[in-house]
Amino acid sequence: MEFTNNKAIYLQIMDLLCEKVLKGTWEGGDKIPSVRQLAVELEVNPNTVARSYSSLQDDGVIYNKRGIGYFISEDATHLVKKVSKQEFMKQDAPNFFKKINLLGISWEELTQIYQDQFNK
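These notes cover the structure that comes with them. (Residues numbered from 1 in each chain as written. Predicted model: local features only at pLDDT ≥ 70, side-chain atom pairs only at ≥ 80, totals over all residues. Heavy atoms only, no water.)

### Remarks on the side chain of Gln12
Inspection of the secondary structure assignment puts Gln12 in helix α1 (residues 9-23). Of the residues examined, Gln12 reaches a relative accessible area of 7% and is grouped as buried. (Helix = DSSP H or I, 4+ residues; strand = E, 2+ residues; numbered from the N terminus. Buried < 20%, exposed > 50% of the residue type's maximum accessible area, 1.4 Å probe, protein only.)

So this is what it looks like as structure tokens:
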């Protein structure tokens, strides 16, 4: 994984894990890699992964079975969608609409781009 400088690494790891939930790669009840396993895989400090896991656990996305490992909660998809949608509407959507307005992109053009993107 390539990390960017504009966001803390633990937050980028959380985004990666949430994306796996949204894509259906991980579903409720699935065991996820241990802190050490993921740290090795991503080539980061285990404390960084532990911070990501702790935050996701606080949010109810994952849970820990003591001595066994971390698992995806049954309502993780719902929780991740809810939070991600709020973040998108607050941060990304205003910039997106500002940009299409400044560039004079019509709704027809935007609709066509959207359809082309998801009808591949």
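Let us keep going from here.
### As for the nonpolar core
Formed by 22 residues in total, the largest nonpolar core has its most connected members in Val49, Tyr53 and Ile62. Every element with two or more residues in this core is listed here: α1, α2 (35-42), α3 (46-58), β2 (69-72) and α4 (76-103). Here Ile62 is in contact with Ile32, Tyr53, Leu56, Gln57, Tyr70, Phe71, Ile72 and Ser73, once residues within four sequence places are set aside. (Core = buried A, V, L, I, M, F, W, Y, C linked by side-chain atoms within 4.5 Å. Contact = heavy atoms within 4.5 Å.)

### A look at the packing of aromatic side chains
Following the criterion strictly, the structure yields five aromatic pairs and no others. Both rings, one in Tyr53 and one in Tyr70, keep their centres 4.8 Å apart while their planes meet at 70 degrees; by these two values the pair is edge-to-face. One end of the pair, Tyr53, is in helix α3; the other, Tyr70, is in strand β2, and 17 residues separate them in sequence. Tyr70 matches Tyr53 in its accessibility class, with the two residues each being buried. Pairing Tyr63 with Phe71 gives two aromatic rings, centres 5.8 Å apart and planes at 20 degrees, and the pair type is stacked. Through pairs of rings, three or more aromatic residues link up here, namely Phe96, Phe97 and Trp107. In this structure, Arg51 is placed above the aromatic ring of Tyr10, and the distance from its NZ or CZ to the ring centre is 3.8 Å. Here the guanidinium or amino end of Lys65 rests over the ring plane of Phe71, the centre of that ring lying 4.7 Å away. (Phe/Tyr/Trp six-rings, centres within 6.5 Å; stacked < 30°, edge-to-face > 60°. Lys NZ or Arg CZ within 6 Å of the ring centre and 35° of its normal.)

### Quick word on a nonpolar patch on the surface
A cluster of nonpolar residues, Phe96, Phe97 and Trp107, forms a patch on the protein surface that exposes about 340 Å² of accessible area. Within the element layout of this structure, Phe96 appears in helix α4. (Patch = residues over 30% accessible without salt bridge, like charges linked within 9 Å, V, L, I, M, F, W, Y side chains within 5 Å. Areas by Shrake-Rupley, 256 points an atom, 1.4 Å probe, with all protein chains shown as cover. Salt bridge = Lys/Arg side-chain N within 4 Å of Asp/Glu carboxyl O.)

### What to know about the environment of Asp58
As for its position among the elements, Asp58 is in helix α3. Given the relative accessible area of 66%, Asp58 is considered exposed. Through-space distance from the C-alpha of Asp58 to that of Glu27 is 18 Å; in sequence the pair is 31 residues apart.

### Describing the packing of α1 against α3
Relative orientation of the contacting elements α1 and α3 amounts to 55 degrees, with a least axis distance of 8 Å. Taken as axis vectors, α1 and α3 run oblique relative to one another. Both α1 and α3 take part in a crossing whose hand is right-handed. Contacts between α1 and α3 involve Ile9, Tyr10, Ile13, Met14, Leu17 and Cys18 from the former and Thr48, Val49, Arg51, Ser52, Tyr53, Ser55 and Leu56 from the latter. (Axes fitted to C-alpha atoms, helices over the stretch in contact; angles between N-to-C directions. Parallel < 35°, antiparallel > 145°, perpendicular 65-115°, else oblique. Left-handed = near helix turned anticlockwise from the far one by under 90°.)

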